[in-house]
Structure formats: C-alpha cells, structure tokens
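# Geometric and topological summary
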Amino acid sequence: MTQIPAEDETRHANRSWWDLDADDYQDEHGAFLGDVDFVWCPERVREADARLLGDVRGKKILELGAGAAAGARWLRVQGAEPVAMDLSGGMLKHAAEAAVRSRVGVPLVQADALALPFRAASFDIVCTAFGAIPFVADSAAAMREVARVLRPGGSWVFSVTHPMRWIFWDEPDESGLIARNSYFNRSPYVERDEQGRLTYLEQHRTLGDRIRELVAAGFVLRDLVEPEWPDGHEETWGQWSPLRGRLFPGTAIFVCDLPG
C-alpha cells in the first residue's frame, strides 16, 4: 500500500525542491514568463488579453505561489496593490532580483498556502498561475484559507494542470498520447531520494473534486477556461507541446467569486 506523505513532509519537500530548482527554472522559463507580465499557462494565455481578473486598478491582490512574481509586478503596473507570496525563498530571491531589473517592486512574503499570514477579508482578489494548489496535500484547506482572506464579493482565479492530463505520462511526444493511468486514482505523484526522503510531490484532483472543494469553501464558479493550443506556438514546456496541446487541454483555469 502506498504511504501518503503527511502535510509537514510535503511542505518541507516542496520548499526544498523549489529552492534547489529556482535557478534552473528561471533559466529555462524566465524569458517566456517575462519580468513584468502575467502568463496563466504554457498555452500563452496572458492576463493582458484574457482579463480574467477584471479591472484591477486600486484592488488589493494576493498572488499565491508567485514564484519570481512577474504577475504581481504586472498587476502593480496596472494600478493594483499586489502582494507576492511563495513558500520558496529561492524563488523569492529571483523575485527580488527581477524587481531591481524592472524597477517594479512589490511586497514579497514567504509563507505557506495553508496558513496565510493575513487578516480575514484583506484582499479583493487572490490569484495564482500554477502555484501552491497542486502541491499541498489538503487543497480543500487551501481553498478555505483563500476564502478567509478574501473580502465578500472578491474573486479567486487559479490555473492548474488540467486533471485529464493525469491519464497520460508527462511526455511531450507520441508516448504522451497513450492513456496509462486512472483518472480516478488520487494518489499523488512522488519522488524520493536514495534514503527514501520525499523530494517532490504533486497532487491530483478530478474536475469534480476541485468544484466540490470550491463550493465547500463558499465559492461560486463563474467560468472554467480550458485554453486551446494557439496557432503558431511551437514551443515545448515540459509535457506541454503542440502535438498534445492540439488534441486535449493541458491547463484548467478556475474563475470563482466569493458572494457578498
């Protein structure tokens, strides 16, 4: 029987992984993400075009799992009052360096998505592009924390790997087109070192699971965006590729509201 890692072990592994991987991640993806831009996914959906967050001028916004905080800096340029939060000090180091390069600074906070260090009803919007949610063991608790720090009438918008991708191996070529795993198996993907210590973990939830988590936290789902692979986009990002992207979705973007 597969042992499910505890939350403390999961948190430590994810922080260590992203601290160690931060430099390589920015070397590989930094140009795609930019220093001052909000890119929702490898399909190149940009907030400047999609406007999933609506009018952000004057809004207090938390970017959860912000990484190098390119999204938060873009929001600042648009007139918002963003805060960028991440579990990884290594990623926040890159956020600080990018702030110097771009001359756009935002507050940086190192914290855990399951214990947000903010008062209730502090933000108008909480958002993340692939941050935090896929990596915590109790994502339902993370949804409740987001609801806690949102003001009534606020919005929660987040992108994750599309749940149907769990069926396939994470390969961008033809070998990634064969269904091999059960969509209904919620066991996390884990990597361990030679001593058996957890080094990386990613969770799987079905679309129904996500919707139930959101509803239980008090949210109303306004939209579920499944970006199509754009014409002329020939870049590969890990498992995302033109071959796979033209056949089935790689990203799901949940657009939710907290009723007033």
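Everything below is about the structure shown above.
Structural notes, computed from the coordinates. Please read these numbers as outputs of a predicted model, since none were measured by experiment. (Residues numbered from 1 in each chain as written. Predicted model: local features only at pLDDT ≥ 70, side-chain atom pairs only at ≥ 80, totals over all residues. Heavy atoms only, no water.)

### Here we look at the packing of helix α1 (residues 7-33) against helix α4 (residues 89-102)
One way to put it is that α1 packs onto α4 with a least axis distance of 6 Å and a crossing angle of 40°. Considering their axes alone, α1 and α4 lie oblique with respect to each other. Residues Trp 18, Asp 19, Ala 22, Asp 23, Tyr 25 and Gln 26 of α1 form the contact with α4, whose participating residues are Gly 89, Gly 90, Met 91, Lys 93 and His 94. A per-class count over the contact of α1 with α4 returns four nonpolar, four polar and three charged. (Axes fitted to C-alpha atoms, helices over the stretch in contact; angles between N-to-C directions. Helix = DSSP H or I, 4+ residues; strand = E, 2+ residues; numbered from the N terminus. Parallel < 35°, antiparallel > 145°, perpendicular 65-115°, else oblique. Contact = heavy atoms within 4.5 Å. Nonpolar A, V, L, I, M, F, W, Y, C, P; charged D, E, K, R; others polar.)

### Re the layout of surface pockets
Over the atoms, a rolled probe matching the size of one water molecule traces out where space is still vacant. Approximately 190 Å³ is the volume attributed to the second largest pocket. Glu 9, His 12, Ala 13, Ser 16, Trp 17, Leu 20, Asp 193, Arg 197, Leu 198 and Thr 199 are the residues that line the second largest pocket. Per element, the largest residue contribution to the lining of the second largest pocket is six residues, and it comes from α1. (1 Å grid on protein atoms, 1.4 Å probe; cavity = no way out; pocket = protein on both sides within 12 Å on 5 of 7 lines; lining within 4 Å. Points joined across faces, edges and corners; volume = space filled by probe spheres on them.)

### Considerations on helix α5 (residues 139-149)
With respect to burial, α5 is a largely interior element, eight of its eleven residues being buried. Restricting attention to buried positions, one finds in α5 the residues Ser 139, Ala 141, Ala 142, Met 143, Glu 145, Val 146, Ala 147 and Val 149. Packed against the buried residues of α5 are β1 (60-64), β4 (123-129), β5 (150-161) and α6 (207-216). (Buried < 20%, exposed > 50% of the residue type's maximum accessible area, 1.4 Å probe, protein only.)

### Comments concerning unusual backbone geometry
In this structure, Arg 103 takes a positive phi of about 60° despite not being glycine. With respect to the secondary-structure elements, Arg 103 resides in the loop between α4 and β3 (108-110). One non-glycine residue, Phe 130, lies in the positive phi region at around 70°. Following the sequence through the fold, Phe 130 ends up in the loop between β4 and α5.

### Describing the sheet that holds strand β9 (residues 251-257)
With respect to topology, seven strands assemble into an open sheet ordered β3-β2-β1-β4-β5-β9-β8, the strand pairing being mixed. Each edge of the sheet is formed by a strand with only one pairing partner; in this case those strands are β3 and β8 (220-225). Adjacent strand axes in the sheet meet at a mean angle of 20° when their direction is disregarded. Looking at chain direction, β8 and β9 are connected through five bridges and run antiparallel. Counterpart to Val 220 in the pairing with β9 is Asp 257. (Pairing = 2+ DSSP bridges.)

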